[in-house]
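Examining the three-dimensional arrangement
Chain by chain, the residues run as shown.
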Amino acid sequence: MATDYKITIYNQTSFPSPPRKYQISMASDDTWGDFQEKISELTGLEIGEFDIKKGLNVKKESVQENSDTKLSEAIGDEKPYYSIIGIKKSQGTMGSSQSRALITAGPSNYSGSSNRYGNTSGSRYGNSGNRYGNTGSRYGNSGYSMSHASGYVGLSNQGATCYLNSLIQTLYMTPEFRSAIYNWDFQEYSERLFQEKLSKRNNPDTETEPEVGTEGGDAIDDISLDISHEEDSHQSAENSNEPEAAGETEEITAEEGEEPVHKKRKLTEEELFARWQGKFGESSIPRQLQKLFLKLQLSESRAVKTTDLTKSFGWERAEAFTQHDVQELCRVLFDALEKTWVGTDKENLINDLYQGKMKDFVRCLECGYEGSREDSYLDIPLVIKPFGATKVMGSIEEALRKFVEVEHLKEDNQYHCSECDDKVDAHKGLTFLSFPYLLTLQLKRFDFDYMTMRRIKLNDRVTFPEVLDMNQFLEGGSQIKIAGEATSEEVESSESEEETIRRANSEESEESEEEIDEELQAQRSAENQRKIELYLSSGPYVYELFSILIHRGSALGGHYYAYVKSFEKDKWMCFNDSSVTTIPRKKIEETYGSKPRKVYSRYGGASAMSGSSGANAYMLMYRKVDPHVNISEPTKDSIPEHVREMIDRENAIQKEKDKAKAEKRQMIKLKVYYNGEYKYIDVHRSKTINDATRLAAEAWKLEEIPEDCIRLREYQTYYDTAGKTFKDPSKTLTSYSIHSSKSLLIEVRKEDEEFPVFDPSKVTLKVFVLNESDNTWSKPHAFTISKNAKLRELREYFEETFGIPIEHQIICKEDYNKYKAKILTGDNKGLKYDLRVYEGVKLWLEYREGGGDNIPIKYVVQGGYMYGNRNRNVNMSTDDEDIDFPLAFAHIQELKNTITVKFGEPDSKEFSYKVTISKSCTLLELKEKITEKIDLEIDQFKVMKGSINYKVELRNEEQTLQQYNLLDGARLYIEKGSPLRSGEVPMKIVAFDPNNEEGKYFKSLFEFVLRGDITIEEAKTDIFNHFQQLQEKEETAIEGYEMPTPEEMILREKFSSTPSTVLLDTKTVRMSARGNYSTPTLVVQRVPVDEPRKKSLSDKVVFLQQFIASEYALGTLQQIIVKDSESLSSLRKRITEITGVENVAVSSAKWNSIRLLSLPKSLWFEPEDTEDNESEESSEEEKPKQRQTGHYRYGSSAYSRYNISRKKDVRRLRLKDGDIIIFKDNEEPLKELSMEDRTKIAAREKKLRGASVQMKPGYRRREEGVKITTGTDIDIGDEYSDEEQ
C-alpha cells in the first residue's frame, strides 16, 4: 500500500515578511519529478531555478535525484521524523529578489514534525544573494565616514566601565580575535542549542543528546509545523484524527458562572525558535560582541553603547558603577567565552591565541632528579616590587628574569628528595616551555604596605620595549645584545631620532609638528623592523607591542584607558571611553611611570616614595611576529555574509521598535474627570477632540449617551471647577496645546437642554446651603457670576435660587488655602477686588434672623481688607462665648482637620476603599472604620504605611493620625496578623559577649513583646522566663549559649554593631523603645553578681583592656564603672588595684576601633600628666611658660603632644557606655615586630572586623570579583503565544 506524505513548504520570497506556508500531499509512489512540478506550481518557479537541500546542515550539497525516482526511495519511511529541505533559486535570471522556501516532509502516519531551518545562507530568513553590493547600501561606502578624524569609534562610559571599554577596544583592535568573532555563526549555534533543548524537553528520559547535523537528531515530538496557507487549508481537515497542529488554538472551557478563558494560539517550531532566539541573543556574550564589533567598524557615531554587552554578562545597573580590575575582567570574560563555545569550532580559540605553557620544577643538586609539573597560563603577572625589596624592577625584562629566577633550597628550607630519601639542597623555579601567539603581561602595581597597613599603588618607572625577544626566557635561552643599542631599561634615542627631536625643538624649523612626528614614527618603525629581523635569528618568539592598558589614579580608585596600535595604519591611538585620538609615539614612554620622589617627614629624615596617583601602564599586550600567521584588520567587505544578514535583520527589527517608540512618544496621557473621580486615557496627539471624547466615554462606559450630549472641556483641578470649552471639536489636540497629564472634564447634558456657555468674564463659585430642619449642609451647588459683580447681586441670586430673603442671609467665605472663615458684608462691595471672592471659592449660606449684625467685626470681611488682624484664626476666644456664631464656622474648622485615607483588601496592592476621618482620631478609631469595609475584626489585621517595597506598621492605637503624620489622600496597606495591644512594645533580644574570640560579639536570640509600663528589672525576668519556655519547646537553639539569670543580667541598647547605653533597672521599657515604627533592640549581657551595677546616669559602664607590650597583644576585656568627675590619677590607682600594674599609662578607644599596629603611637596619658592638683598648680607658677611645639615621641606626654591645658576641669575621661579604657605597663619593653608578625596581626584584625561588620566613617566595603554569566540556560518556554487569538 502506498504511503501518503504530507509536505509543508515555506516560501520566503517576501522576506523580511513571514514566509507563506503551503501544504501538499504526495504518495510514496509519486516520482521526484512529480514533487518538483508540485513545488514549481506552488512557488511559481520554473524547474531548474531552484535547488533542493535535505537535512539540517545547509552546507550539504543539493539533492540530485532522477525525475523518475520514487518518493519512497528519495524520502524514505524508516524514520518517524520529517526532514527539512531548503529551496533556493539556482544561478539564473530571476532578478534581484531571491526565492527560497523551506519544506518539511515525512510519512503522514507520524504526528511529529521536523527540525531546523535548512536554508542556504544558514539563516531562516536571510537571502542567499548579496544585498550589500548596491552603492546606496550602508556597507557600500568606501572608507570611513566618521564624524571624527581618527577613523575609529569610541565606547560610552556607563558610569565606571572605563576598564571594560579599554579591554573591548583592545580585543577589537586585535585582528585575529575580531575575525574569529565575526566568523562565529550565531544562527547555526542557536539552532543547534535550540534543538538540543527542545529534544531534551520532549524526551526527558533520553540519556544522549541528538547529534547536530544528523537527520536522526532532529526529532520533535510535540511541536508540529502543519500550518497550511489559507489557499490549502482544506487539506488539513482530511487528517482530523491527528493531534492538534501548531498554529491552531487550544480552547480551555470555563466552569459554569466563571469568565470564559481566552484561546491561545499554538506556536510553530519556527515561531517558538524565533521567540527563544531573541531572548538567547540578548544573553549571548559572543553574539553581543559580534554586534558591538560591527558597530565599532560600521557606525557613523562618535561613540556606541555597551549596555547590550553588559546585559549579556548578567549585570544589573549597579555593576555599571562598580570599577573592577581590567586583568581580572579579561580572565573572567575569556572563561565565559570558552564555556559558551564548548562543542563549536571556536572551542579552543582562547587557548590558541592566548595560552602558553610553563614548567614548575624542583631539581635535586645531589642526584639530579627533577620533579616537575606542566601548567598553562593566559597571562604573566610580573611583580615589579618583590616582598621586602626597597626598589622596583626597572623594566619588564628584569621582572621576567626575576620571574624565572631559580630559588636555592638549603639549610632549614631543604627539599626532601624521593630518590635520595633525604633532605638535600635543591633548585626550585619556573621555566617557560612555550609562549602564546598573543602575549599578555600584567604589571602588579597594586601592593600592600605593611607599615601603614594600607593598599598602595606603585607608580614607579618600569620600561618596556616595543619589540620584545622572549626567546631568552625559554629554558636554555640567551639574551641577544644589539651592538650600540640601548636596552629598554636604558631607553636611549638613536642619533637619527635625537636629530629629529632637535629640529622639532628648534625655533627656526619650518616643519610642522605633524611632519616631524611622522618622521619619528618612520624612524622608530624602521628600527623596530631591524630588531625583529635580528631577534628572529635566535628563535620564533619575537613579539611586537600593540596595546597598553593604562591606569590613572591611586589604589583607592582611578580611571582606565588604552593606547592601541593599528597594524593597518602603523599608528598609535588613544581609546579613552568615547574619545579616540591619534597620539605620537613618544606618548608611550610617558606610560612607563615616574621616578620616586623624596618625601620629608615632620619627624625628621627623608624617604623615597612614589606618587600617590599617576597614569602608567598596567597591562601590556604583544603579538607574535609571524608573517605567515599575522593577518590584517578585517575590512567591511570581509565580514561574513551570515553576520551581515543577521545584523541587517536585527536592524530592521530595531527600526520597527524605534518606529513604535516614536509612535508611543506621540501618545499623551489625559486625566479625565467625571463625578469627582478621574481615569487616565491614552490618545495620539494628532487625534481630534471628538476622538478623545469617544475614548473618554468608553473609559467611563458612557457609550450609550448620544455623542452630541457629551463633551470634553478643561478642568481646573486647583479650583475644582470647569474651565474653557473647545469651540471646534474637530481640531486636533495639538492645535489646542493639550499636553500629557492635562486634566479634562466630561460634561453630559440632557437631550432637551443645552451645554452651558463658557464666559471668561465670569467666575465659578460653589455654595453649601444649611438645611434648618437637621442643621446639615447640602451638596455643593456650582454657579457662575460676573467677576465684577457686587455682593448685592450675589444675595439676589441666592434669594431667587434658594428662597432665603436678603436681610436674613449670612454668607461665609472659606479661604481656599487656610481653611479660615469670614462673613461677607457690604452689599455695594465688589466680589473680586473688595471681598476677594475668586474662582473656585466655597461659600456657606444659612438663614439667620437679622443676618449677622451681632457678629464682632473681626469676623467680618469689610471692603478690601479685614478689620483687625486679617490672618486671625477662626477659633473663637473666651470673650466671644455669648455670640451666636454661624454654624459654618465650626463646619469649616472641622473640614480643616478631616482627611481621606485610602486602603484595599488585606495583602492587596489595590486601594479600592477610602474613609474620611478627623486627624484628631486615634489609630483605633481608624481601624474601626476599616472593619466596616473589610471582613476582619480589629485584632485580626495590621495597618502599614510606606511603599510597596518598604512598609512599617502603625502600632500604637492610642496615637492620633496627626501624630502619625497622615496627610489627606494617604495610602495604607492592610495585612493579616495580630497587632500589638495597647501598651505593648516589640523587642529584638540579642546576646552580647565582649570576649568572643571570633569577633562575633552579638547573637540574635528571639523577638519578644514586652509591656511598656514595666521596669527594666521586671523585663529581665520576663526575658529569662521566655527563653526557658522556648528551650523547652525547642523553638530556639543557640549553640553553647546559656541565658544569664536576672541577677547576672544587664540590659543595654545597641547602636549599629556597638554596645551602647546600659539601661537603669528603674527605667521603663517604653522609655527604651525608640521610634514609632522600628523594632528596638535589647542587648543581654552576663555580668557576675558581685560586680557593681550602674546606679545613675553619671555612671559610665566601660571596658578595661591591657596592651601587653612585650607580646604585642591585647588582654581580656573587663567591665568597670567610672564617674564623669573621676580624674586620671584616681583611675590609675584603681587600675593598679585591679591589675597590680604600678607604672600605668592609659588611653581610650571606641568599641571595635582599636588597631593594634598603630596602638603604640596612640594618645597615652602618662603618670606625669596625672599629678595631684596642688603640686601641679604650684609647679605651673614656678616653671616658665613655654610654647608647645606638638613634637611627639613614643610614650611622651599627651598634653605636650596635643597642647592640652593642665587645668583640673579638662583632665577627665569623657567616656560613654561601651567605650574601652586601654592601659599599659610603662616598664614593659615593646616587642619589635617582623614583617611576618605584622601580616598575621593585620589578617587577624581584618577577620575580626569582617565578623563584627563594624561600619565606621571611611569604611570601604570589601571588593567583589567580576562575575559574568554565560546565558545558555535560557528556557524555551511554553509552546503557546502570549497573545490572544
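Just so we're clear, the structure is a prediction, and the values are computed from it rather than from any experiment.

Some thoughts on the overall build of the protein
- For the protein, the count of helices and strands is 24 helices and 56 strands.
- Scored against the burial criterion, the 1285 residues of the protein give a buried share of 46%.
- Across the protein, contacts joining residues at least 24 apart in sequence account for 70% of those joining residues at least 6 apart.
- Working note: accessible area of the protein is about 68,100 Å², and carbon and sulfur atoms make up 45% of it.

Quick look at the nonpolar core
- Core analysis: the biggest nonpolar cluster contains 72 residues, and Phe177, Ile285, Phe293, Leu337 and Ile1268 have the highest contact counts within it.
- Within the second largest apolar cluster, 37 residues are counted, among which are Phe432, Val462, Tyr561 and Trp572.

Details of the sheet that holds strand E46 (residues 984-992)
- The sheet built from five strands is open, its strands ordered E47-E46-E50-E48-E49 with mixed pairing. One side of each edge strand has no neighbouring strand; the edge strands of this open sheet are strand E47 (1002-1011) and strand E49 (1058-1062). Averaged over all neighbouring strand pairs, the angle between strand axes comes to 40°, with direction disregarded.
- Packed onto the sheet, helix H19 (residues 1016-1033) meets E46, E47, strand E48 (1049-1055) and strand E50 (1081-1086) and runs at close to 115° relative to E47.

So, the packing of aromatic side chains
- For the structure shown, the criterion picks out 45 aromatic pairs.
- Arranged with centres 5.8 Å apart and planes meeting at 80°, the rings of tyrosine 678 and tyrosine 680 form a pair that is edge-to-face.
- The partly exposed category is assigned to tyrosine 678, whose relative accessible area is 36%.
- Arginine 178 extends its terminal NZ or CZ atom over the ring of tyrosine 172, reaching a point 3.8 Å from the ring centre.

Looking at helix H11 (residues 396-403)
- Along H11, the residues that are buried comprise Ile396, Glu397, Ala399 and Leu400. All buried residues of H11 project into a common sector of 160° when viewed along the axis, lining one side.
- Here the buried face of H11 lies against strand E12 (380-383), strand E17 (438-444), strand E20 (467-469) and strand E27 (614-624).

Points about the confidence of the model for the protein
- Looking at the protein as a whole, the pLDDT averages 75, with 70% of positions reaching at least 70.
- Per-residue pLDDT stays below 50 along residues 483-495; that stretch engages in 24 contacts with residues further than four places along the chain or on separate chains.

So, the environment of valine 1062
- You can see valine 1062 is positioned in strand E49.
- For valine 1062, a relative accessible area of 6% corresponds to the buried category.
- Considered as a pair, valine 1062 and leucine 1082 are 20 residues apart in the sequence and their alpha carbons are 9.9 Å apart.
- Those residues in contact with valine 1062 that lie beyond four places of it in its chain are Ile1050, Leu1051, Arg1052, Lys1094, Val1101 and Asp1217.

A look at the side chain of glutamate 957
- Within the secondary structure, glutamate 957 sits in the loop between strand E44 (951-953) and strand E45 (973-976).
- Other than its neighbours up to four places away in sequence, glutamate 957 contacts Thr922, Leu923, Leu924, Lys927, Ile938, Pro979 and Leu980.

As for the pattern of salt bridges
- If you walk through the whole model with that rule in mind, you get 40 salt bridges.
- Of the charged contacts, one joins aspartate 1013 and arginine 1011 as a salt bridge, the two residues approaching to 3.3 Å between their closest N and O atoms.
- Bridged by salt links that share partners, the residues Glu466, Arg524, Arg585 and Glu589 form one connected network.

Here we look at a nonpolar patch on the surface
- A cluster of nonpolar side chains, Phe387, Met451 and Met1235, forms an exposed patch at the surface whose accessible area comes to about 350 Å².
- Assignment of secondary structure puts phenylalanine 387 in the loop between E12 and H11.

Focus on the sheet that holds strand E13 (residues 407-409)
- Strand order in the open sheet formed by four strands is E11-E10-E16-E13, with antiparallel pairing between adjacent strands. Two strands lie at the open edges of the sheet, namely strand E11 (370-377) and E13, each paired on one side alone. Between one strand and the next, the sheet's axes are offset by a mean angle of 25°, whatever the strand orientation.

Let's talk about the packing of helix H3 (residues 162-172) against helix H7 (residues 285-298)
- Two numbers describe how H3 lies on H7: the axes approach to 11 Å, and their chain directions differ by 75°. As far as their axial angle goes, H7 and H3 are roughly perpendicular. Each of Ile168, Gln169, Leu171 and Tyr172 in H3 lies in contact with H7, whose residues at this interface are Leu289, Leu292, Phe293, Leu296 and Gln297.
- Tallied by class, the residues present in the contact of H3 with H7 amount to seven nonpolar, two polar and no charged.

Describing the packing of helix H5 (residues 186-202) against helix H6 (residues 269-283)
- Following both chains from N to C, one finds H5 and H6 inclined at 115°, their axes separated by 10 Å at the closest point. The angle between H5 and H6 falls in the class roughly perpendicular. Seen from above, H5 lies across H6 with right-handed handedness. When H5 is examined against H6, the residues Phe186, Gln187, Tyr189, Ser190, Glu191, Leu193, Phe194, Gln195, Lys197, Leu198 and Arg201 are found in contact with a partner set consisting of Glu269, Leu272, Phe273, Trp276, Gln277, Phe280 and Gly281.
- Residues that form the contact of H5 with H6 fall into these classes: nine nonpolar, five polar and four charged.

Considering empty space enclosed by the protein
- Inspection of every chain in the model, using the stated rule, returns six cavities of 30 Å³ or more.
- Of the volumes computed, that of the largest cavity is approximately 100 Å³.
- What lines the largest cavity is a set of 14 residues, among which Ile1050, Val1062, Leu1063, Arg1093 and Lys1094 lie closest to the centre.
- At the level of elements, E48 and strand E53 (1118-1123) are the ones that each hand at least two residues to the lining of the largest cavity.
- Residue composition of the lining of the largest cavity, by class: nine nonpolar, one polar and four charged.

Structural notes on unusual backbone geometry
- One non-glycine residue, serine 737, adopts positive backbone phi at about 55°.
- Tracing the chain through its elements places serine 737 in the loop between strand E31 (721-725) and strand E32 (743-748).
- The phi dihedral of asparagine 775 is positive, around 55°, even though this residue is not glycine.
- For asparagine 775, a relative accessible area of 47% puts it in the partly exposed group.

Section: the state of the cysteines
- In the structure shown here, the tally under the stated rule is zero disulfides.
- Not part of a disulfide, cysteine 417 finds its nearest cysteine sulfur in cysteine 367, a span of 3.7 Å.
- A residue is classified by how much of its surface remains accessible, and cysteine 417, at 0% relative accessible area, is buried.

Regarding the pairing of strand E54 (residues 1144-1149)
- Taking burial as the measure, the six residues of E54 include five buried ones, the bulk of the element.
- Sheet analysis places E54 next to strand E55 (residues 1220-1225), joined by six bridges and oriented antiparallel. Directly across from alanine 1149, in E55, lies its bridge partner isoleucine 1220.

A word on the environment of alanine 399
- Take alanine 399: it is sitting in helix H11.
- Of the residues examined, alanine 399 reaches a relative accessible area of 3% and is grouped as buried.
- When the C-alpha atoms of alanine 399 and proline 381 are compared, they prove to be 9.5 Å apart, with 18 residues separating the residues in sequence.

Re a positive patch on the surface
- Where like charges cluster on the molecular surface, the positive patch consists of Lys305, Lys657, Lys661 and Arg665.
- Mapping lysine 657 onto the fold places it in helix H14 (residues 641-665).
- Classification of lysine 657 by relative accessible area gives partly exposed; the value is 45%.

Re helix H4 (residues 175-183)
- Judged by how many residues are buried, H4 sits mostly within the fold: eight of nine residues are covered.
- By the burial criterion, the buried members of H4 are Pro175, Glu176, Phe177, Arg178, Ser179, Ala180, Ile181 and Tyr182.
- Those residues of H4 that are buried lie in contact with H3, H7, helix H9 (326-340), helix H10 (349-354), E27 and H14.

How each quantity is defined
Residues numbered from 1 in each chain as written. Predicted model: local features only at pLDDT ≥ 70, side-chain atom pairs only at ≥ 80, totals over all residues. Heavy atoms only, no water. Helix = DSSP H or I, 4+ residues; strand = E, 2+ residues; numbered from the N terminus. Buried < 20%, exposed > 50% of the residue type's maximum accessible area, 1.4 Å probe, protein only. Contact = heavy atoms within 4.5 Å. Areas by Shrake-Rupley, 256 points an atom, 1.4 Å probe, with all protein chains shown as cover. Core = buried A, V, L, I, M, F, W, Y, C linked by side-chain atoms within 4.5 Å. Pairing = 2+ DSSP bridges. Axes fitted to C-alpha atoms, helices over the stretch in contact; angles between N-to-C directions. Phe/Tyr/Trp six-rings, centres within 6.5 Å; stacked < 30°, edge-to-face > 60°. Lys NZ or Arg CZ within 6 Å of the ring centre and 35° of its normal. Arc of directions from axis to C-beta. pLDDT = per-residue confidence, 0-100. Salt bridge = Lys/Arg side-chain N within 4 Å of Asp/Glu carboxyl O. Patch = residues over 30% accessible without salt bridge, like charges linked within 9 Å, V, L, I, M, F, W, Y side chains within 5 Å. Parallel < 35°, antiparallel > 145°, perpendicular 65-115°, else oblique. Nonpolar A, V, L, I, M, F, W, Y, C, P; charged D, E, K, R; others polar. Left-handed = near helix turned anticlockwise from the far one by under 90°. 1 Å grid on protein atoms, 1.4 Å probe; cavity = no way out; pocket = protein on both sides within 12 Å on 5 of 7 lines; lining within 4 Å. Points joined across faces, edges and corners; volume = space filled by probe spheres on them. Disulfide = S-S within 2.5 Å. Lys, Arg positive; Asp, Glu negative; His and termini not counted. Charge placed at Lys NZ, Arg CZ, Asp CG, Glu CD.

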